[in-house]
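In case you want the letters, here they are:
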Amino acid sequence: MAHALHSSIDLLDYLASEDASQIRHEYVGGYVHAMVGGSMRHNRISGNIYSALLQRTASTPCQVFINDMKLHVQAVDSVYYPDVFVLCGVGLAGERNMASDATLVVEVLSPSTAGTDRREKLVAYRKLAGLRSYWIVSQDERRVELHTCGDDGRWVTMELTDDQALLSVVGIPGAPLRLAELYAGTDVV
């Protein structure tokens, strides 16, 4: 995120202005933050994740979305543009290209968003009723911070740095997704 506008606006005004804007903005508690563009590596990793999840959820009730789809976290009055997210079941909010829940959310780190992804968004996303996992993916090394909600509602955090399977941890059906797939076509080894 870049900078916030200095005066707050309500959610409906944000949505109306966002529909007309050529620049994407996230909405956090009444304040609007312009989104900055990502690197080629960031884009490739996000695309790899999207493609892999799309293949694995093709014959399921789950839908996979990439960075142009908004995710409304009502509990914290915020609207984000996750790099990738999966929604299994209900939670799409009409024609506004916005979901109100997610099963899995993925953010690929960049220098300007790392702090927000690890703090603000971690707290916010955990408030989504259907969220089972939040992945914070490094774009500089093969590393994923995996935050997973157990059946008991307790969150567990682990760091994956080798070729462990991600999907078997999350429970999305299909062949396991390995770290090598996330970083395919990049210079990250």
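Here's what I pulled together on the structure shown here. (Residues numbered from 1 in each chain as written. Predicted model: local features only at pLDDT ≥ 70, side-chain atom pairs only at ≥ 80, totals over all residues. Heavy atoms only, no water.)

Right, let's talk about the overall build of the chain for a bit. Assigned secondary structure in the chain consists of 6 helices and 11 strands. Compactness check: the chain gives a C-alpha radius of gyration of 16 Å against a globular reference of 16 Å for 189 residues, within 12% of the reference. Judged by the C-alpha coordinates and their principal axes, the chain covers about 45 × 35 × 30 Å. Burial statistics for the chain: of 189 residues in total, 48% are counted as buried. (Helix = DSSP H or I, 4+ residues; strand = E, 2+ residues; numbered from the N terminus. Rg over C-alpha atoms; globule rule 2.2 N^0.38 Å. Buried < 20%, exposed > 50% of the residue type's maximum accessible area, 1.4 Å probe, protein only.)

This part covers unusual backbone geometry. Outside of glycine, negative phi angles account for most residues, and trans bonds account for most peptide bonds. Positive phi outside glycine occurs at aspartate 77, with the angle close to 50°. We classify aspartate 77 as partly exposed; its relative accessible area is 31%.

On to the state of the cysteines. Throughout this description, disulfide means a covalent bond between two cysteine sulfur atoms. Applying the stated criterion to the full structure yields 1 disulfide. Covalently, cysteine 62 is tied to cysteine 88 through a disulfide, its sulfur atoms 1.9 Å apart. Between cysteine 62 and cysteine 88, the S-S torsion sits near 105°, and that sign places the bridge as right-handed. With cysteine 62 in strand β3 (residues 62–66) and cysteine 88 in strand β6 (residues 84–88), the pair connects residues that are 26 residues apart, well separated along the chain. We note that cysteine 149 lacks a disulfide partner, and the nearest cysteine sulfur, in cysteine 88, lies 14 Å from it. Residue classification places cysteine 149 among the buried positions, given a relative accessible area of 14%. (Disulfide = S-S within 2.5 Å.)

What follows is about the nonpolar core. Among the nonpolar cores identified, the biggest contains 25 residues, and Ile49, Leu53, Trp135, Val137, Leu166 and Leu182 are the most heavily contacted of them. At the level of secondary structure, the elements contributing two or more residues to this core comprise α2 (40–56), β3, β6, β8 (104–108), β9 (133–137), β10 (144–149), α5 (167–170) and α6 (179–182). Aside from chain neighbours lying at most four places away, what touches leucine 182 is Ile45, Asn48, Ile49, Val137, Val144, Leu166 and Leu177. Residues Leu122, Leu128, Leu131 and Ile136 belong to the second largest nonpolar core, which totals 20 residues. (Core = buried A, V, L, I, M, F, W, Y, C linked by side-chain atoms within 4.5 Å. Contact = heavy atoms within 4.5 Å.)

Our next topic: the sheet that holds strand β4 (residues 70–73). Taken together, the 5 strands give an open sheet; going across it, the order is β2-β1-β5-β4-β7, and neighbouring strands pair in mixed fashion. In this open sheet, the two strands that pair with only one neighbour each are β2 (31–34) and β7 (98–99). The pairing of strand β1 (residues 25–28) with strand β5 (residues 78–80) spans 2 bridges and is classified as antiparallel. Looking at the pairing, tyrosine 27 lines up with valine 79 of β5. (Pairing = 2+ DSSP bridges.)

We now examine the packing of aromatic side chains. Scanning the entire structure with this criterion turns up 4 aromatic pairs. Between the aromatic rings of tyrosine 80 and tyrosine 125, the centroid separation amounts to 5.5 Å while the plane-to-plane angle is 75°, which identifies the pairing as edge-to-face. Pair noted here: tyrosine 80 is in strand β5 and tyrosine 125 is in helix α4 (residues 120–125), with a separation of 45 residues, a long-range link. With relative accessibility at 1%, the residue tyrosine 80 sits in the buried group. Judged by centre distance (5.0 Å) and plane angle (70°), the rings of tyrosine 125 and tyrosine 134 are edge-to-face. Each member of the pair, tyrosine 125 together with tyrosine 134, is buried. Pairwise contacts between aromatic rings join Tyr80, Tyr125 and Tyr134 into one cluster. Note that arginine 24 overlies the ring of tyrosine 81, its terminal NZ or CZ placed 4.9 Å from the centroid. (Phe/Tyr/Trp six-rings, centres within 6.5 Å; stacked < 30°, edge-to-face > 60°. Lys NZ or Arg CZ within 6 Å of the ring centre and 35° of its normal.)

Sheet architecture is open: 6 strands sit in the order β3-β6-β8-β9-β10-β11, paired in mixed fashion. The open sheet has two edge strands with one neighbour each: β3 and β11 (155–160). Put simply, the sheet's adjacent strands are angled 15° from each other on average, direction ignored. Pairing geometry for β6 and β8, over 3 bridges, is antiparallel. Paired with phenylalanine 85 across the strands is valine 105, a residue of β8. Taken strand by strand, α2 contacts β3, β6, β8 and β9, and its axis lies near 165° from that of β3. (Axes fitted to C-alpha atoms, helices over the stretch in contact; angles between N-to-C directions.)

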